[in-house]
Amino acid sequence: MKLTKVVKRIFSTILVLVILVIGVAIAVPYFFKDEILVKIKEEANNTLNAKVDFADVNLSFLRSFPNFSFQMDKLSIIGIGDFEGINLVKANNIDFTLDLMSVIKSDRPIEIESITFDQPDINILILKNGLANYDIVKPSEPTSEETAKYDFLIQLKKYTINEGNFTYDDRAGNMFLKLKNLNHQGRGDFTQDVFDLVTNTSIEQLTATSGGIQYLKKANTNLDATFNIDLPNNTYTLKDNDLQINAMKLLADGFVQLQADENINIDFTFNAPKNDFKNLLSLIPSAYTSDFSDVKADGKMSFNGYVKGIYNGQKERLPAFKISLDVDKGSFQYPGLPSGINNIIAKLNVESPSSDLDKMKIDIPNFKFAMGGEPFEGRFKLTTPISDPNIDTKVKGTVDLAEINKAFPLEGVTELSGIIRADFTAQTRFSTLEKGDYENANVSGSSSIENLTYDAEGIPKVFVSEAKANLSPKSIEVSNFNGKLGKSDLQISGQLDNILAYFSPNKTLTGDVKLRSNYCLLYTSPSPRDRQKS
């Protein structure tokens, strides 16, 4: 009997405790919801030059027991002034896990232990004048140590991004980066001075453009990496890592250290562990199609390099770097297309031994390929590109643009045809041409275009019936250029006198060019991307 009573009393006690816990879990959110709302809105209004809004907040003691869960729904941060109406951040919801006692006790900062972002859309925009839409934090007024206080304390152990989108549009630096469907998770004890941060990242589509050149287009990207975080020494070391962009796998090793005077010390090496040419092919924009696994490809390649030294943007100080690429006997043919490209050979070495870019060397000692039975080959070498561009190049071959359509998938291109021929040599430096020492300059040859048609989404249709350029030490003479850009007809002739100035930001390209048109349409509808930017 006594045992039965004891069991009953224990069971009754546990039942009462469960009921009390459930009661607290239900009651606590309502007791402190208004207090948390006031703190967040006050902090946003006091510190940001932007319009901050959110639909509602949900508070729970059950989702993250024994901690406190705070969820913000439909968050938006919209710019003002020069960025009026442009979204900086939108998110379906943001979930914070908070230390319960820090929420209850008013004399303690609210401690954030984990953050989850669901469907965030982050849009970074830098205008040509250098203004950035993320620079929205108001200048803080000076406070004494006695009066200064902190409302939030970040002690993360985990953060998560689910189905996010990220856009970086730097119009001053002419760079564009877009990540679509980003999923990322990081785990580590941020309360420690030294700890390992374990991350997992997947990006459904990664697009990267710089200087008007598109390096990646909607590339599928996955990265699993562990970073050692050394906060006292501001050093972040890459440990175990596995990066895959489309079919290309890369490994890296090294560290980044934040130093005084905004110096960033970088020491990284990278290489491609798998040496199949097909993996490199997958990086070419539009090459990584849904049936890429069925592409017939052959050949070997190697890819490696390093970045080592100090970076300081304000002082225009750059680290040393080197990139090496070697492709041997590459070839490919896509399923469903009538022809392919073969005998691809290319060697590339770009090396800058210091922050002085005038010491950079670009060397392509050999490149060649064959398409539609027509060979195309050449070489290119550039040294002292800033002070006195020194070039050694030779190009010879014929390209039938219609064969590209038959061999390579071109997304958004409805028509491509025409013949390009090139046969020229240039072995000289800028100073030789500038002082008119033409006898010591080896520049000769020509190039031509016949019946070129290019019709693609977002741009007016291009047609060039004929064009020819003749090279000499004195100039490049352009003659017989007849074509159309959209509805506009164009006739161009003239000459460029110091073509090597193109390679140096300190030199000016000069010439005398005449353009004639019977009908010139100066305005066309902007592309979808331009409409999105405006």
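If you're wondering where the values come from, they're calculated on a predicted model, not measured in any experiment.

Quick notes on the rules
- Residues numbered from 1 in each chain as written.
- Predicted model: local features only at pLDDT ≥ 70, side-chain atom pairs only at ≥ 80, totals over all residues.
- Heavy atoms only, no water.
- Helix = DSSP H or I, 4+ residues; strand = E, 2+ residues; numbered from the N terminus.
- Contact = heavy atoms within 4.5 Å.
- Areas by Shrake-Rupley, 256 points an atom, 1.4 Å probe, with all protein chains shown as cover.
- Core = buried A, V, L, I, M, F, W, Y, C linked by side-chain atoms within 4.5 Å.
- Buried < 20%, exposed > 50% of the residue type's maximum accessible area, 1.4 Å probe, protein only.
- Phe/Tyr/Trp six-rings, centres within 6.5 Å; stacked < 30°, edge-to-face > 60°.
- Lys NZ or Arg CZ within 6 Å of the ring centre and 35° of its normal.
- Polar contact = N/O pair within 3.5 Å; in protein donor to acceptor, adjacent residues only side chain to side chain.
- Pairing = 2+ DSSP bridges.
- pLDDT = per-residue confidence, 0-100.
- Patch = residues over 30% accessible without salt bridge, like charges linked within 9 Å, V, L, I, M, F, W, Y side chains within 5 Å.
- Salt bridge = Lys/Arg side-chain N within 4 Å of Asp/Glu carboxyl O.

## Some details on the overall build of the protein chain
For the protein chain, the helix and strand inventory stands at six helices and 25 strands. Within the protein chain, contacts between residues separated by at least 24 positions form 51% of all contacts whose residues are at least 6 apart in sequence. Split by element, the accessible area of the protein chain, about 30,900 Å² in all, is 55% carbon and sulfur.

## Describing the nonpolar core
L281, F332 and Y334 are the most contacted members of the largest nonpolar core, which totals 45 residues. The element best represented in this core is strand β20 (residues 413–429), accounting for five residues. Counting 13 residues, the second-largest nonpolar core is a separate cluster that includes V57, F68, I112 and I115.

## Looking at the packing of aromatic side chains
For any pair of aromatic rings, the description rests on two quantities: the centre-to-centre distance and the angle between the ring planes. If you walk through the whole model with that rule in mind, you get 10 aromatic pairs. Aromatic side chains F190 and F195 sit 5.0 Å apart centroid to centroid with 50° between the ring planes, which places their arrangement in the tilted category. In this structure F195 comes out as buried when scored by relative accessible area, which is 8%. Three or more aromatic residues link up through ring pairs in this structure, and these residues are Y159, F190 and F195. The aromatic ring of F292 is capped on one face by K278, whose charged end is 5.3 Å from the ring centroid.

## Topic: the environment of F54
Inspection of the secondary structure puts F54 in the loop between β1 (51–53) and β2 (56–60). According to the relative accessible area criterion, F54 is buried, its value standing at 11%. Expressed as a C-alpha distance, the spacing of F54 and D73, which sit 19 residues apart in the sequence, is 5.9 Å.

## Quick notes on unusual backbone geometry
In terms of backbone geometry, most residues other than glycine have negative phi values and most peptide bonds are trans. Positive phi is not limited to glycine here, since K329 has a value of about 55°. Here K329 is to be found in strand β15 (residues 320–333). Among the residues examined, K329 registers a relative accessible area of 59% and is labelled exposed. At N480, a position not held by glycine, the phi torsion is positive, near 55°.

## Describing the side chain of N133
Mapped onto the elements, N133 comes out in the loop between β6 (121–126) and β7 (152–170). In this structure the side chain of N133 is engaged in a polar contact, spanning 2.8 Å, whose partner is the backbone oxygen of N123. From its side chain, N133 meets the backbone nitrogen of L125 in a polar contact 2.8 Å long.

## Comments concerning the pairing of strand β23 (residues 476–485)
In this sheet, β23 lies alongside strand β22 (residues 462–471) in antiparallel orientation, the contact comprising eight bridges. What sits directly across from E466, in β23, is N482. In this structure, the hairpin formed by β23 and strand β24 (residues 488–496) is closed by a connection of two residues, where G486 is found at a positive phi of approximately 65°.

## Some words on the confidence of the model for the protein chain
Averaged over all residues, the pLDDT of the protein chain is 84; the fraction at 70 or higher stands at 83%. Taken element by element, the predicted model of the protein chain shows its lowest mean pLDDT in helix α6 (residues 528–533) (42) and its highest in strand β19 (residues 390–400) (96). Low pLDDT, under 50, characterises residues 1–26; the stretch is placed with five contacts to residues that sit more than four places away or in other chains.

## Some thoughts on a nonpolar patch on the surface
Together, I499, Y502 and L509 give the surface a local cluster of nonpolar side chains, amounting to about 300 Å² of exposed area. By the secondary structure assignment, I499 is in the loop between β24 and β25 (511–516). Here I499 falls in the partly exposed class, since its relative accessible area comes to 31%.

## What to know about the pattern of salt bridges
This structure, assessed with the given rule, holds 14 salt bridges. E411 is the salt-bridge partner of K217, the closest N and O atoms lying 3.7 Å from each other. One end of the pair, K217, is in strand β10 (residues 213–230); the other, E411, is in the loop between α4 (401–407) and β20, and 194 residues separate them in sequence. Here K217 falls in the partly exposed class, since its relative accessible area comes to 24%. By relative accessible area, E411 is classed as partly exposed at 46%. Between D276 and K300 there is a salt bridge, and its shortest N-O distance comes to 3.1 Å. You can see D276 sitting in the loop between β13 (264–271) and α3 (277–281) and its partner K300 sitting in strand β14 (residues 296–311), a full 24 residues away along the chain. Using a relative accessible area of 35% as the deciding quantity, one classes D276 as partly exposed. Overall, K300 belongs to the partly exposed group, its relative accessible area being 44%.

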